[in-house]
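A structural walkthrough
Spelled out from the first residue to the last, the chains are:
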Amino acid sequence: MNGPSVPPVATARASSTMVAGPSWPVILHHDGLVLRPLRARDAGRWAELRTANRDWTGPWDSTLPPGSGEEPLDFPRLVRRYRRLGRGGSTLGWALALSEDGRTGARALGRAPMIGQVTVAGITRGAAQLASIGYWVDERHAGRGHTPRAVAMAADFCFDVVGLHRLEICIRPENGPSHRVVAKLGWRYEGLRPRYLHIAGHWCDHDVYVRTAEERPPHGELARLLSASRRATPLTSHDGEP
């Protein structure tokens, strides 16, 4: 389904689950944190972030194995691919951004400067109703709680609007900062998936963390995360989140 020219805005409230329109493109926001579609005008910022964070995110970046028959995508083709897959309902490719001026209209949020990405990929319908969530954030913005909050926002949207039953986050065992993200979210560890994805030129094992619809907190992922952060140490502990 094609979305409108100006994306609908879904506001996540700490006291409730998210509400949003069903079609792509969609913008989600909460207290200055924004998930919005990647746009062609992000090319310069995206290139700057990827270059600056080569050592921070490079060890965890997916790669194409020999014989895959595919070629790496440049940014314009990546944006077009995310747009096509989003409208087809198989991938939700968001820029993770910060709203600096306090405005919450769709156009203003659509221009918020990006600091990373959150991608819901492999959306599977039929008997499965599942997807996988991946993410990265600029190292200069790591350790401030942005990534757990963004993943919680995306997860609430997937459960409440997309109607999925199961979400996975798959992480290399060596990726300590990403493990701390799922620890803050409180997702269940399901086990090790051997040689699951081609990462940095090799087939690599991944730890699998899961949330199913039955396991969701009563008021949603974002509400649980914010409530836990108020009860415990600050969410902005300096542990990083690639």
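Above this note sits the structure.
The following refers to the structure shown. (Residues numbered from 1 in each chain as written. Predicted model: local features only at pLDDT ≥ 70, side-chain atom pairs only at ≥ 80, totals over all residues. Heavy atoms only, no water.)

Thoughts on the layout of surface pockets
Where we set the bar: Whether a set of points on the 1 Å grid over the protein atoms alone is a cavity depends on a 1.4 Å probe fitting there but being unable to get out, while an open set qualifies as a pocket with protein on both sides within 12 Å along at least five of seven lines; lining residues are those with an atom within 4 Å of a point. Grid points are joined across faces, edges and corners, and a volume is the space filled by probe spheres set on the points. Starting at the N terminus, helices and strands are each numbered in turn, a helix being any DSSP run of H or I of at least four residues and a strand any DSSP run of E of at least two. Asp, Glu, Lys and Arg are counted as charged, while Ala, Val, Leu, Ile, Met, Phe, Trp, Tyr, Cys and Pro are counted as nonpolar; the rest, among them Gly, fall into the polar class.
The calculated volume of the largest pocket comes to roughly 1,600 Å³. Lining the largest pocket are 39 residues, and of these Asp61, Ser62, Thr63, Tyr82 and Ile199 lie nearest its centre. Of all the elements in the fold, those that place two or more residues in the lining of the largest pocket are helix H1 (43-52), helix H3 (75-88), strand S5 (114-124), strand S6 (130-137), strand S7 (166-171), strand S8 (188-199) and strand S9 (202-212). Looking at the lining of the largest pocket element by element, the count peaks at 5 residues for S6. Classifying every residue of the lining of the largest pocket gives 20 nonpolar, 13 polar and 6 charged.

A few points about the pattern of salt bridges
Stated formally: Whenever Lys or Arg places a side-chain nitrogen within 4 Å of a carboxyl oxygen from Asp or Glu, that contact is recorded as a salt bridge. Here the term buried applies to any residue with accessible area under 20% of the maximum for its type, exposed to any over 50%, and partly exposed to those in between, with areas from a 1.4 Å probe on protein chains only.
Applying the stated rule across the entire model yields 15 salt bridges. Close ionic contact of Arg45 with Glu48 constitutes a salt bridge, the shortest N to O distance being 2.9 Å. Here the residue Arg45 and the residue Glu48 both occupy positions in helix H1, the gap between them amounting to 3 residues, near one helical turn. The class for Glu48 is partly exposed, based on a relative accessible area of 31%.

With respect to the environment of Asp42
Short version of the rule: Residues count as neighbours in contact if any of their non-hydrogen atoms are within 4.5 Å of one another.
Inspection of the secondary structure puts Asp42 in the loop between strand S3 (33-37) and H1. On the basis of relative accessibility, which here comes to 6%, the residue Asp42 falls in the buried class. Put simply, Asp42 and Arg111 are 69 residues apart on the chain and 9.0 Å apart in space, counted from C-alpha to C-alpha. If we ignore the near neighbours within four places in the chain, the residues touching Asp42 are Arg36, Pro37, Phe75 and Met114.

Things to note about the packing of aromatic side chains
Note the following rule: Pairs were defined over the aromatic rings of Phe, Tyr and Trp, the Trp ring being its six-membered one, requiring ring centres within 6.5 Å. Orientation was assigned from the angle between planes: stacked under 30 degrees, edge-to-face over 60, tilted for the rest. Whether a charge lies above a ring is judged from NZ of Lys or CZ of Arg, which has to be within 6 Å of the ring centre and within 35 degrees of the ring normal.
This model, assessed by the stated rule, comprises 4 aromatic pairs. When the centroid spacing of 5.7 Å and the interplanar angle of 55° are considered together, the rings of Trp24 and Trp94 count as tilted. With Trp24 in the loop between strand S1 (9-11) and strand S2 (27-30) and Trp94 in strand S4 (residues 92-98), the pair connects residues that are 70 residues apart, well separated along the chain. Summarising the burial analysis for this pair, Trp24 and Trp94 share the class buried. Note on Trp94 and Phe157: the rings are 5.8 Å apart at their centroids and 80° apart in plane angle, and the pair reads as edge-to-face. Highlighted residues: Trp94 in strand S4 and Phe157 in helix H5 (residues 146-162), separated in sequence by 63 residues. With respect to class, Trp94 is no different from Phe157; both count as buried. Within the aromatic cluster, the residues linked to one another by ring pairs are Trp24, Trp94 and Phe157. Stacked on the ring of Trp136, the Lys or Arg Arg50 has its end atom at 4.8 Å from the ring centre. Over the face of the ring belonging to Tyr196 we find Arg193, whose NZ or CZ atom lies 4.8 Å from the ring centre.

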